[in-house]
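# Topology and contacts: notes
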Amino acid sequence: GDSVTQTEGLVTLTEGLPVMLNCTYQTIYSNPFLFWYVQHLNESPRLLLKSFTDNKRTEHQGFHATLHKSSSSFHLQKSSAQLSDSALYYCALSDRDTNAYKVIFGKGTHLHVLP
Amino acid sequence: DPKIIQKPKYLVAVTGSEKILICEQYLGHNAMYWYRQSAKKPLEFMFSYSYQKLMDNQTASSRFQPQSSKKNHLDLQITALKPDDSATYFCASSQDKDWGEQYFGPGTRLTVL
């Protein structure tokens, strides 16, 4: 079945260092749509990035990701982490073509940025 | 003004009881969803609706029943509550054809004693 695999558990890094959270997926969808959602403590998930275009970088709020269909990956990156980036990040997958009305979320990666 | 309203924000229930979680969205979306989040399962898709029609159900238990009285309403009825049902329940919505771009409500935190 379809699935999303993310960097497991907790990623801890120091402010100012680069961020990379891995996301790979498996799907039968011919036209996958990939997303990153961010959830800060005591808040609800919020869409951060989205892409369905192969090999095109998408950016928002300092974060960027590129969908690589050849490797089924959509890694989240940021050049310099900030304390406010500490949150739970979900990679998610849906399909642009079928009427699936379903989004498959990964298990989430906690990012903890230290001063 | 909040675009997605969930009521109540906090809910405490006893085992075996029944509760209804309320969700209303004012984004003009045609698709609505329910998710559950707990320490054991970070974010778990439960149901999706489009134009008040059930599109997908990933909840094995019939104790969870969504109810849509209007296009912008999707309530969740939970019967015979168990302590394992304790979680935060998020309602979300999207444009009909952009189901991946979902907007989440603030959630209802349910505790079953």
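Further up the page is the structure itself.
Parameters at a glance
- Residues numbered from 1 in each chain as written.
- Chains lettered and ligands numbered in written order.
- Predicted model: local features only at pLDDT ≥ 70, side-chain atom pairs only at ≥ 80, totals over all residues.
- Heavy atoms only, no water.
- Helix = DSSP H or I, 4+ residues; strand = E, 2+ residues; numbered from the N terminus.
- Rg over C-alpha atoms; globule rule 2.2 N^0.38 Å.
- Buried < 20%, exposed > 50% of the residue type's maximum accessible area, 1.4 Å probe, protein only.
- Contact = heavy atoms within 4.5 Å.
- Buried area = accessible area lost by both parts, 1.4 Å probe.
- Salt bridge = Lys/Arg side-chain N within 4 Å of Asp/Glu carboxyl O.
- Polar contact = N/O pair within 3.5 Å; in protein donor to acceptor, adjacent residues only side chain to side chain.
- Nonpolar A, V, L, I, M, F, W, Y, C, P; charged D, E, K, R; others polar.
- Pairing = 2+ DSSP bridges.
- Axes fitted to C-alpha atoms, helices over the stretch in contact; angles between N-to-C directions.

## What about the overall build of chain B?
- What chain B contains, in helices and strands, is zero helices and eleven strands.
- What you see for chain B is a C-alpha radius of gyration of 13 Å, in line with the 13 Å of a compact globule of 113 residues.
- Within the span of chain B, comprising 113 residues, buried residues form 52% of the whole.
- Residue pairs in contact within chain B that sit at least 24 positions apart in sequence constitute 55% of those at least 6 positions apart.

## Examining the interface of chain A and chain B
- Taken together, the contact between chain A and chain B spans 22 residues of the former and 23 residues of the latter.
- Interface area for chain A against chain B, summed over the two sides, is near 1,800 Å², with a carbon-plus-sulfur share of 56%.
- At the boundary of chain A and chain B, one finds two salt bridges.
- Two residues, B:E101 and A:K50, come together in a salt bridge whose shortest N-O distance is 2.7 Å.
- Inspection of the chain A/chain B interface yields six residue pairs in polar contact (both at pLDDT 80 or more).
- Among the secondary structure elements, those contributing two or more residues to the side of chain A that touches chain B are β5 (32-39), β6 (46-51) and β10 (87-95) of chain A.
- Its residues placed into classes, the side of chain A that touches chain B shows eleven nonpolar, six polar and five charged.

## Focus: the sheet that holds strand β7 (residues 64-67) of chain B
Residues and elements named next belong to chain B.
- The strand order across the open sheet formed by four strands is β1-β3-β8-β7, and the pairing between neighbours is antiparallel. Each edge of the open sheet is held by one strand with a lone partner, namely β1 (4-7) and β7. With strand direction ignored, the average angle separating the axes of adjacent strands in the sheet is 15°.
- Examined bridge by bridge, strand β3 (residues 19-25) and strand β8 (residues 75-78) share three bridges and lie antiparallel to one another. Within the sheet, the bridge partner assigned to I20 lies in β8 and is Q77.

Coordinates in, geometry out; function isn't part of it.
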